[in-house]
Each structure stands twice: as C-alpha cells, then as structure tokens.
Amino acid sequence: MNRNLTIGALLAGTFILAALVSFFWTPFDHATLSIPNRLQAPNGTNLLGTDHFGRDILSLIMVGARTSIAVALVAVGIGMCLGIPLGLWAAARRGSLIDEIIMRGNDLVFAFPSLVIAILITAVFGAGAINAIIAIGIFNIPVFARITRGAALSLWEREFILAARVSGKSSLRISVEHILPNVTNLLIVQSTIQFSLGILAEAGLSYVGLGAQPPLPSWGRMLADAQTMVSIAPHMALMPGFAIILTVLGLNLMGDGLRDTLDPRLRVTRT
C-alpha cells in the first residue's frame, strides 16, 4: 500500500473518528465552565490542559472537529455538485458562448478570495457556520469546474468518444456515460485537497469572527481565544494549531497517495 496514503488516512482518520466519537462521549462537557481550573497545563486529568474558562481543551478539540469537518465537507460538496456539471457543460460546448460565459464567471469568482466573499455574505446575512459554508462552497465551484473542463477537453478527441458521437449519442449522454467516469479519479484526488483547504478556510474565518459563533466550538475560534494567552498558557494555541496542521497534512498526504494509486501512468513510472 502507498505510504503517503496510509499515513494520511491515519492522521485524517484520527480526527474524523474523534469528531464522530464526540457525538456520544467527550472527557468533559465542553460547555462547562470551571474557573478554579482555568489555564491548567496538560496533566493527568486534562490531557491537553484547560482554557481561560476552565474548559477541557481535548473536549473542545473533539467537538470543534465536528464543526471544521462538517463545514469543509459540505462546502466541498457544493463545489462538486455545481462545479462538475459546469465543467462538463463547458467542455462539451468548447469554444462556444456558453463555454466563454462559464470560464469568465470562474475568473470572476477567483478574483474574490473566500474571505472576501465571506465578508460580503456576513455583511448581508450575519456571521455563522452556514455563511462560512456558502462562502467556501462558492469558492470551490470554479475549482472543480476548471479541473473538470480541462480533463474533459483532453478526452473529447479520443477515439472512443468519436465512436460514441458517430453512434448518435448526445453531448449530455457522452458527458455522463463516458467523460465523467474517466475524470472521476482526478476529481477524487482534488476533493481531498479542497477538503483540507476547506478546513483551513473555516479556521481562518472563525479566527476573524466570521465562522462558527460561540458557544459552538471551532478550531479557529480556539486560536482566536488563545491569542492573548500565548505568553501564560501556550498550550491553548498549540493544541488546536496542531489539530489543524495534522488534519490538513493528513488530507494532503491522502491526496498525494490517491493520485499515485489511481493514476496508472504514475504507477508505471514509479515501478
């Protein structure tokens, strides 16, 4: 088995499992305040220490994983559900007005980073996890549209596609039956990369107050709360920071491993 895929799956799987377990069990109630136990360093009772309100950091990280993973997962889902059909449509109508409109629309979205989009959405609808999902999801649409279109264009001149066209199949049917299955591997790899970027984006939005709002825990919000406590309680920033780093690293390694595993050309090269 691919080493990167194995290590990445273990790292990312650990935090995904922690998020799932937090629905049923956490070491302590993440919402319970314990002022006498505030700013405790990691110890036998609180394995990762406590924050400035005396809350158990391990419990906060476990519950915060639910927020970060859910936001990133739904945002990537939005990007895939809208971006992939647009990419297939643009490739099928390459060189046409439809293709030009889709690609220039992608350029327009790319001109505004997810943080700027989030600020615009927040100004209208207010801050929250839902608006963070919308902002990150909008940014993911052109990513999947461009990748799908680029991969599909290379397939439209292949012999088996020409044969399908000669047989009388419509562009829509060819896209669904022949193009999409042949670009699925690439899209799977890209989805893991966008998933990791989604977690980073959610943490960044929560850090500046545009993501998940209290009392809902979030890794980015934990970092924001810790910024004034670094000198006296560095573990408050280190623990959620390590959680973000390890999860993103794991997903990126998974993407690299999946690329090597699913791409037959890379398998031949490495062999």
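Preceding this section is the structure that the text describes.
Here the structure is a predicted model, which means the values were calculated and not measured.

Cut-offs applied
For every chain, the first residue of the written sequence is number 1, and numbering continues from 1 onward in sequence order. This being a predicted model, a pLDDT of at least 70 is required before a residue's local features are given, and a value of 80 or more before pairs of side-chain atoms are given or counted; all residues contribute to the totals for chains, interfaces and linings. Here the side-chain values reflect all heavy atoms present in the structure, with hydrogen atoms and water set aside. Numbering goes from the N terminus for both helices and strands, where a helix is a DSSP run of H or I of at least four residues and a strand is a run of E of at least two. Expected span of a helix, by definition, is 1.5 Å for each gap between consecutive residues, and there is one gap fewer than residues. Bend is computed residue by residue as the angle between axes fitted to the seven residues ending at the residue and the seven residues starting at it. Salt bridges are identified by distance alone: a Lys or Arg side-chain nitrogen within 4 Å of an Asp or Glu carboxyl oxygen. Relative accessibility decides the category of a residue: with a 1.4 Å probe and only protein chains considered, values under 20% of the type maximum give buried, values over 50% give exposed, and everything between is partly exposed. Fitting a line to C-alpha atoms yields each axis, with helices limited to the stretch in contact; the angle taken between N-to-C directions then spans 0 to 180 degrees. Should an angle fall under 35 degrees it is taken as roughly parallel, and over 145 as roughly antiparallel, whereas 65 to 115 is taken as roughly perpendicular and any remaining angle as oblique. For a crossing to be left-handed, the near helix must be turned anticlockwise from the far one by less than a right angle; the clockwise case is right-handed. Note on contacts: a residue pair is in contact if any heavy atoms of the two residues lie within 4.5 Å. Here the nonpolar group is Ala, Val, Leu, Ile, Met, Phe, Trp, Tyr, Cys and Pro; Asp, Glu, Lys and Arg are the charged ones; every other residue, Gly included, is treated as polar.

(A) Main features of helix H7 (residues 171-207). For H7, built from 37 residues, the straight-helix expectation of 54 Å at 1.5 Å per residue is missed by more than 12%, its first-to-last C-alpha distance being only 45 Å. Its maximal kink placed at leucine 180, H7 deviates by approximately 50°, while the proline proline 181 follows within four residues.

(B) Structural detail: the pattern of salt bridges. The final tally for this structure, using the stated rule, is nine salt bridges. Notably, a salt bridge pairs arginine 146 with aspartate 107, separated by 2.0 Å at the nearest N-O pair. With arginine 146 in helix H5 (residues 129-153) and aspartate 107 in helix H3 (residues 97-110), this residue pair connects regions lying 39 residues apart in the sequence. On the basis of relative accessible area, arginine 146 is assigned to the partly exposed category, the value being 32%. With a relative accessible area of 30%, aspartate 107 lands in the partly exposed category. A salt bridge links glutamate 177 to arginine 173; the nearest nitrogen and oxygen atoms lie 2.9 Å apart.

(C) Main features of unusual backbone geometry. In this structure, leucine 39 takes a positive phi of about 60° despite not being glycine. Mapped onto the elements of the fold, leucine 39 is located in the loop between helix H1 (3-21) and helix H2 (57-92). For leucine 39, a relative accessible area of 21% translates into the label partly exposed.

(D) Seen up close, the packing of helix H8 (residues 219-226) against helix H9 (residues 235-262). Between H8 and H9, the shortest axis-to-axis distance is 8 Å and the interhelical angle comes to 150°. Considering the angle they form, H8 stands roughly antiparallel to H9. The two elements H8 and H9 cross, and the hand of that crossing is left-handed. Here Trp219, Met222, Leu223, Asp225 and Ala226 of H8 lie close against H9, whose contacting residues are Met236, Ala237, Pro240, Gly241, Ala243, Ile244 and Thr247. Residue composition of the contact of H8 with H9, by class: nine nonpolar, two polar and one charged.

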